[in-house]
Amino acid sequence: MSVRFPVITVDIINQPISFSIFNSKTDVLYLEVTDVVVPDIDSFSLPSPIPEWPPGHGFATGSINLGELEVREITKFEFIWGSDIKNRRKGVNFFKPVEIPDGYFCLGHYSQSDEKPLRGFLLVAREVKRTNSPALVEPTDYTLVWCPDDWTEDNNVHGHSHGHGYFWLPIAPEGYKALGFIVTNKPAKPNLNEIQCVREDLTTTCEPHCILLNKHSKIADSLFTVWKTRPCHRGMHEKSVPVGTFFCSCIWSHGEDLNIRCLKNLNDNINSMPNLDQIHALINHYGPTIYFHPDEIYLPSSVSWFFEKGALLHKKGGSKGERIDPSGSSLPKGERNDGEYWIDLPKDETAKKIKKGDLKSAKVYVHVKPALGGSFTDIVMWIFCPFNGPGCIKIGIMNYPLTRVGQHVGDWEHVSLRVSNFTGELWNVYFSQHSGGVWVDASGLEFIEGNKPIVYSSRNGHANYPHPGEFLQGSANLRIGIRNSAARSNHALDSSKDYEIVAAEYLGEGVVNEPCWLQFMRKWGPTTVHDSRAEVTRILNRLPETLRCSAQNIFNKLPNELYGEDGPTGPKEKSSWFGDEKC
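First things first, this report covers the structure right here in the doc. (Residues numbered from 1 in each chain as written. Predicted model: local features only at pLDDT ≥ 70, side-chain atom pairs only at ≥ 80, totals over all residues. Heavy atoms only, no water.)

**Side note on the sheet that holds strand β16 (residues 182-184)**
Quick note on the threshold: At least two DSSP bridges between two strands are required for those strands to pair. In this description a helix means any DSSP run of H or I spanning at least four residues, a strand means any run of E spanning at least two, and both kinds are numbered starting from the N terminus. To obtain each axis, a line is fitted to C-alpha atoms, and for helices this fit is confined to the stretch in contact; angles are then taken between N-to-C directions over 0 to 180 degrees.
Read across the open sheet, the 3 strands follow the order β13-β14-β16; overall the sheet is antiparallel. Looking at the sheet topology across the chains shown, the edges are occupied by β13 (141-146) and β16. Sheet twist, expressed as the average angle between the axes of neighbouring strands with direction ignored, equals 35 degrees. In terms of strand pairing, β13 meets strand β14 (residues 166-171) through 5 bridges, oriented antiparallel. Counterpart to L144 in the pairing with β14 is W168.

The structure is reproduced here in structure tokens:
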């Protein structure tokens, strides 16, 4: 048989082999390999080195104090086992952290799909303050959750089961919780000192959110499933900190509590967040370039340009709209979206000019906030367009431009940069897409000028995508839905230069002054009632009957906001302002 490594191939003749190799290029350490085929694993790093950030408090210092615990981020791993070495695109690999600093302890192992470069993290912890019981203790035992063969104690004794994956749940003492699982490639139980459990009051709940692996289990005669995990409670004011571990089970049902937890940040002083100088440095380094479609008609503008060119404030029961001060100081502030006020365009030829926007004046409006218990910073970049154009239906190879469906005055879209507070490294980018969006790992991004991601804004609708192309809101398999076309052009907005920081609440009052218009909680466009669905129905009625039924079912499931001409609320009224992104 043959054992493959990133740097050498070793032939083995009827003998197990055990040795160690560290590949500095991939940050993967291969240790104690016995009858295990180790895949070539590519790792991801940003295109350019991370700069030295301006001095500050605890941002990018390598560790974060959570109260009684201090945690560090480990991104170097030892490969343990892969679910499908032969078929790389379907395989899932499992790793343990290496190069753990003295005094810190492992909390669990890491897993990810083999279809993308290796890039992840695990938190390791040490106790820095004791109030009563120890914060960290060893488990009392392990429970075997799953293995891919018919494991028995005899196999352990005679050594017949090397080279398979064995998944172990640490059994925590009373008052403590496990935060992750242990994976081995031998049937012997792990040593108790390989992992630590955490006192229950220093933890909080987490949830599965993305399936990594499904395999049949011989232990329980059921399906063994591995998920990524994330905290149940996420948002600007939440304290939950993800550990980077996975969850696995043969018997878990949706809605049940997990048998592992995540950490809780009990430090009242969130000193891991960047100060104002560091925020500017992060934006200058990571600020994406946003490309608009070559045929885009409805480009972005600054908010002040929108007001200056003639946008009007309307009041319920009023006969006409009132001009808005360029700063937005004449807008009603606070309260709620009660329908008493809204913004609209003038009813003359000026409206056509305003709809087209003004790219020269455009900028992104930046909201900086803590994420995932202060272990990350979200830099949310809001883009304003005076008008959202109508959509286009795609059915097979045919495109049917619409005249009303999807259009409305005022359009707010955004992208969010999620940056690690341990290092200042860009980790993910969120792309808003109409009523939802998607997080994309940095390994799945296009970059320009070093570490600046590229964002592609779709024609008319301004949904954001990490790559150019045609994207369907509907059924990709049937090729039926609303078409979103994104491509590079000369219409571009460089957010690393053209930006304004409008909010960073954690810095305290007076550090960032919110603009007046940000306090306008009503709609940035009127609600116009017309039968937009009739336009879609006319197109669907032209289809063959066999296709018409499928298409109708798909369009019935699309959000209602696609059909009504309804202006959006501003950034501060969105659920993601205080909460996490929709995904």
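And the narrative resumes.
**Points about the pairing of strand β20 (residues 222-231)**
One face of the sheet, then the other: side chains in a regular strand alternate in exactly this way. Note the threshold: Burial here depends on accessible area, computed with a 1.4 Å probe over protein chains only, as a share of the maximum for the residue type. Under 20% is buried, over 50% is exposed, and the range in between is partly exposed.
Most of β20 sits out of view: 8 of its 10 residues are buried. Here 4 bridges tie β20 to strand β22 (residues 246-249), and the two strands are oriented antiparallel to one another. Bridging across to β22, V226 finds its partner in C248.

**A short note on the pattern of salt bridges**
Put simply, the test is: Counted as salt bridges are all cases of a side-chain nitrogen of Lys or Arg within 4 Å of a carboxyl oxygen of Asp or Glu.
Applying the stated criterion across every chain yields a total of 23 salt bridges. For R119, the salt bridge identified is with E425, shortest N-O distance 2.9 Å. A residue pair is termed long-range when its members are at least 10 positions apart, and R119 in the loop between β10 (110-113) and β11 (122-127) and E425 in the loop between β32 (408-420) and β33 (426-433) qualify at 306 residues. What makes E425 buried here is its relative accessible area of 15%. In this structure, R130 engages E127 in a salt bridge whose closest nitrogen and oxygen atoms are separated by 3.0 Å. Judged by its relative accessible area of 54%, R130 falls in the exposed class. Put simply, E207, R230, R234, D378, R418 and D580 are held in one network by salt bridges that share partners.

**Examining the sheet that holds strand β26 (residues 322-323)**
Strand order in the open sheet made by the 3 strands is β26-β25-β27, with antiparallel pairing throughout. Across the chains shown, the open sheet's two edge strands, defined by having one partner strand only, are β26 and β27 (341-344). Where strand β25 (residues 312-315) and β26 come together, 2 bridges link them in antiparallel fashion. Across the sheet, the residue bridging to L313 is E322, located in β26.

**A closer look at the packing of aromatic side chains**
Selection rule: Centre distance within 6.5 Å is the pairing criterion for rings of Phe, Tyr and Trp, where only the six-membered ring of Trp is used; planes under 30 degrees apart are then read as stacked, over 60 as edge-to-face, and the remainder as tilted. A ring has a charge above it when a Lys NZ or an Arg CZ is no more than 6 Å from the ring centre and no more than 35 degrees off the ring normal.
Scanning the entire structure with this criterion turns up 38 aromatic pairs. With centroids separated by 5.8 Å and ring planes inclined at 75 degrees, the aromatic side chains of F121 and W427 adopt a geometry described as edge-to-face. Here W427 lies in strand β33 and F121 lies in the loop between β10 and β11, a separation of 306 residues in the sequence. In this pair, the class of F121 matches that of W427, namely buried. One aromatic cluster in this structure is built from W81, F94, W146, F167, F181, F224, W227, F246, F247 and W252. Against the face of W427 rests R119, its NZ or CZ located 3.9 Å from the ring centre. The side chain of K355 reaches across the aromatic face of F387, ending 4.4 Å from its centre.

**A word on the side chain of N460**
Keep this limit in mind: A contact between two residues is defined here by any heavy atoms of the two lying within 4.5 Å.
You can see N460 is positioned in the loop between β36 (452-457) and β37 (464-465). When its relative accessible area of 12% is taken as the criterion, N460 is described as buried. Here N460 is in contact with E296, Y298, N388, G389 and P390, once residues within four sequence places are set aside.

**Remarks on helix α2 (residues 276-286)**
Our working rule: Whenever a nitrogen or oxygen atom comes within 3.5 Å of another N or O atom, the pair is scored as a polar contact, on the condition that within protein one atom can donate a hydrogen and the other can accept it, and that pairs from neighbouring residues in sequence are kept only if both atoms are in side chains.
For α2, every residue scored as buried is listed here: Q278, I279, A281, L282, I283, H285 and Y286. Its side-chain oxygen at 3.2 Å from the backbone nitrogen of D277, N275 defines the N-terminal cap of α2.

**A look at the side chain of H285**
By the secondary structure assignment, H285 is in helix α2. You can call H285 buried: its relative accessible area is 16%. Each residue touching H285, except ones within four places of it in the same chain, is listed here: P49, I50, P51, W53, N451 and K452.

**Looking at the nonpolar core**
Rule in force here: Residues enter a nonpolar core if they are buried and are Ala, Val, Leu, Ile, Met, Phe, Trp, Tyr or Cys, with the set joined through side-chain atoms within 4.5 Å.
With 34 residues, the main nonpolar core has I283, Y286, V364, V366, I379 and M381 as its most contacted residues. If you list the elements that add at least two residues to this core, you get α2, β24 (289-292), β28 (364-371), β29 (376-388), β32, β33 and β41 (499-503). Those residues in contact with I283, other than ones at most four positions away along the chain, are V366, I379, M381, S495, S496, Y499 and I501. Formed by 27 residues, the second largest nonpolar core is a distinct cluster that contains V303, I354, W382 and W577.

**A few points about unusual backbone geometry**
Phi angles above zero are rare outside glycine, and E449 is one such case at about 50 degrees. Within the secondary structure, E449 sits in the loop between β35 (447-448) and β36. Judged by relative accessible area, E449 falls into the exposed class, the value being 55%. Within the chain, H462 stands out as a residue other than glycine whose phi angle is a positive 60 degrees. Inspection of the secondary structure puts H462 in the loop between β36 and β37. Relative accessible area serves as the criterion here: at 2%, H462 is assigned to the buried category.

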